[in-house]
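Here's the letter readout for the chains.
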Amino acid sequence: MIELFFSVVSAVFPVGCIVLIGFIFGKNFSIDEPTLSKLALYVLFPALLTDIMYRTTLSIESATGIFIAFGLTYLLLCLISWGIGRRLGFSESLQKSLLATTALPNSGNMGLPVTLFALGEAGLERAVIYLISWNIIVMSTMPAILKGGGFRSGIIFTFKLPIIWGMILGVILNSFNIELPLKLDDGLHLLREAAIPVALLLMGIQISKNRFQPGTYDLSASLIRLLGGAFVAYLVGKILNLEMLDLQVLVLQSAMPSALTSFLIVNEFGGDATRTSKVVVVSTLLSFLTLPLVLWAIGATS
């Protein structure tokens, strides 16, 4: 358990350091935050998704079970969070933020290393499937959900986003084994590497603009993400009769704290960006306590 704790720390600590740098920068300098947000969403993240799809060696067939399980988990968490917001009389802005932080786990820069340590290489392969499923489903639906305007306009809006075309391009390149000339794949990978650091810096800048005093909402929303996500994923996995390792990966990845992407999407397409950034930070800190509990519950620790 001590080794697991240090694994979680090593996954989160670099993230926290970059956010802290953004926080310090935001306290001392003025910056055009909307432009930085657009750079991340319209340039860097499309490059990230194109590179992921371009380089993956996993077949579509092997991803089907986890893809369906994630999709159902995502849908249920969206419905549950929206119902909670309506029941408690949240403003539309706060409802959108709760939906984003509840439905979007940090299955990438935190989920992958924790899964590797807890479940080994076989678990990591499945965690990559989960991450790809996350990118396909979330990035093709969440911006439209937050922006609103009806189903038809939401679909039209979604297909105007570079993120969607970045994923499609990556799938095409991978499916037809197309090799990019003139080392363009190296340039794509280099551009991809900038996505997460810029997003983390942006979150630190956003936090610096507001007083950070976690309240009842921040703690409650964090626990819904951490424990609610794991519980819903477990039920979905059992209903779909997933194999044990697939179920463990599904639950573990769904128990991760709120994704940084939830802040970026809310900041760009609608919602309470300040509350969202607080939940991302608070859920990440609380995950030091909840992740060992989840790992014990799914039998991933000795």
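See the structure above.
Residues numbered from 1 in each chain as written. Predicted model: local features only at pLDDT ≥ 70, side-chain atom pairs only at ≥ 80, totals over all residues. Heavy atoms only, no water.

### Thoughts on the packing of aromatic side chains
For the structure shown, the criterion picks out 5 aromatic pairs. Between Phe-70 and Tyr-74, the ring centres sit 5.9 Å apart and the planes meet at 20°, which makes this aromatic pair stacked. Taken together, the residues span about one helical turn, with Phe-70 and Tyr-74 both in helix α3 (residues 60-87) at a distance of 4 residues. The burial state of Phe-70 is the same as that of Tyr-74; both residues are buried. Note on Phe-159 and Trp-165: the rings are 6.2 Å apart at their centroids and 65° apart in plane angle, and the pair reads as edge-to-face. Relative accessible area serves as the criterion here: at 48%, Trp-165 is assigned to the partly exposed category. (Phe/Tyr/Trp six-rings, centres within 6.5 Å; stacked < 30°, edge-to-face > 60°. Helix = DSSP H or I, 4+ residues; strand = E, 2+ residues; numbered from the N terminus. Buried < 20%, exposed > 50% of the residue type's maximum accessible area, 1.4 Å probe, protein only.)

### A look at a nonpolar patch on the surface
Residues Ile-155, Phe-159, Trp-165, Ile-168, Ile-172, Phe-176 and Ile-178 make up a contiguous nonpolar surface patch of about 660 Å² in total accessible area. Broken down by element, the residue count for the nonpolar patch peaks at 3 residues, all from helix α7 (residues 162-175). Among the secondary structure elements, Ile-155 is positioned in helix α6 (residues 151-158). (Patch = residues over 30% accessible without salt bridge, like charges linked within 9 Å, V, L, I, M, F, W, Y side chains within 5 Å. Areas by Shrake-Rupley, 256 points an atom, 1.4 Å probe, with all protein chains shown as cover. Salt bridge = Lys/Arg side-chain N within 4 Å of Asp/Glu carboxyl O.)

### Some details on the environment of Ile-66
By the element assignment, Ile-66 lies in helix α3. According to the relative accessible area criterion, Ile-66 is buried, its value standing at 4%. Between the C-alpha atom of Ile-66 and that of Ala-127, which follows or precedes it by 61 residues, the distance is 9.1 Å. Setting aside residues no more than four positions away along its own chain, Ile-66 makes contact with Arg-126, Ile-129, Tyr-130, Ser-133 and Asp-246. (Contact = heavy atoms within 4.5 Å.)

### Considering the environment of Tyr-42
Structurally, the position occupied by Tyr-42 is in helix α2 (residues 33-55). For the pair Tyr-42 and Asn-174, spaced 132 residues apart in the sequence, the C-alpha separation amounts to 22 Å. With residues near it in sequence (within four places) discarded, Tyr-42 still touches Leu-161, Pro-162, Glu-268 and Phe-269.

### What about the pattern of salt bridges?
Tallied over the entire structure, the rule returns 6 salt bridges. Put simply, Glu-268 and Lys-38 hold a salt bridge, and the shortest N to O gap is 3.5 Å. Within this pair, whereas Glu-268 is found in helix α12 (residues 260-269), its partner Lys-38 is found in helix α2, the two being separated by 230 residues in sequence. The shortest N-O distance in the salt bridge between Asp-51 and Arg-55 comes to 2.6 Å.

### Brief notes about the layout of surface pockets
Volume-wise, the largest pocket comes out at about 1000 Å³. Looking at the largest pocket, it is lined by 48 residues, and the ones nearest its centre are Asn-106, Gly-108, Asn-109, Met-110 and Ile-196. If you list the elements that add at least two residues to the lining of the largest pocket, you get α1 (2-28), α2, α5 (111-147), α8 (184-193), α9 (195-208), α12 and α13 (273-297). Of the residues that constitute the lining of the largest pocket, the class distribution is 32 nonpolar, 11 polar and 5 charged. (1 Å grid on protein atoms, 1.4 Å probe; cavity = no way out; pocket = protein on both sides within 12 Å on 5 of 7 lines; lining within 4 Å. Points joined across faces, edges and corners; volume = space filled by probe spheres on them. Nonpolar A, V, L, I, M, F, W, Y, C, P; charged D, E, K, R; others polar.)

### Digging into α13
Ser-287 marks where α13 bends most, by close to 50°. Gly-299, located one to two residues past α13, shows a positive phi value of around 75°. (Bend = angle between axes of the 7 residues up to and from the residue.)

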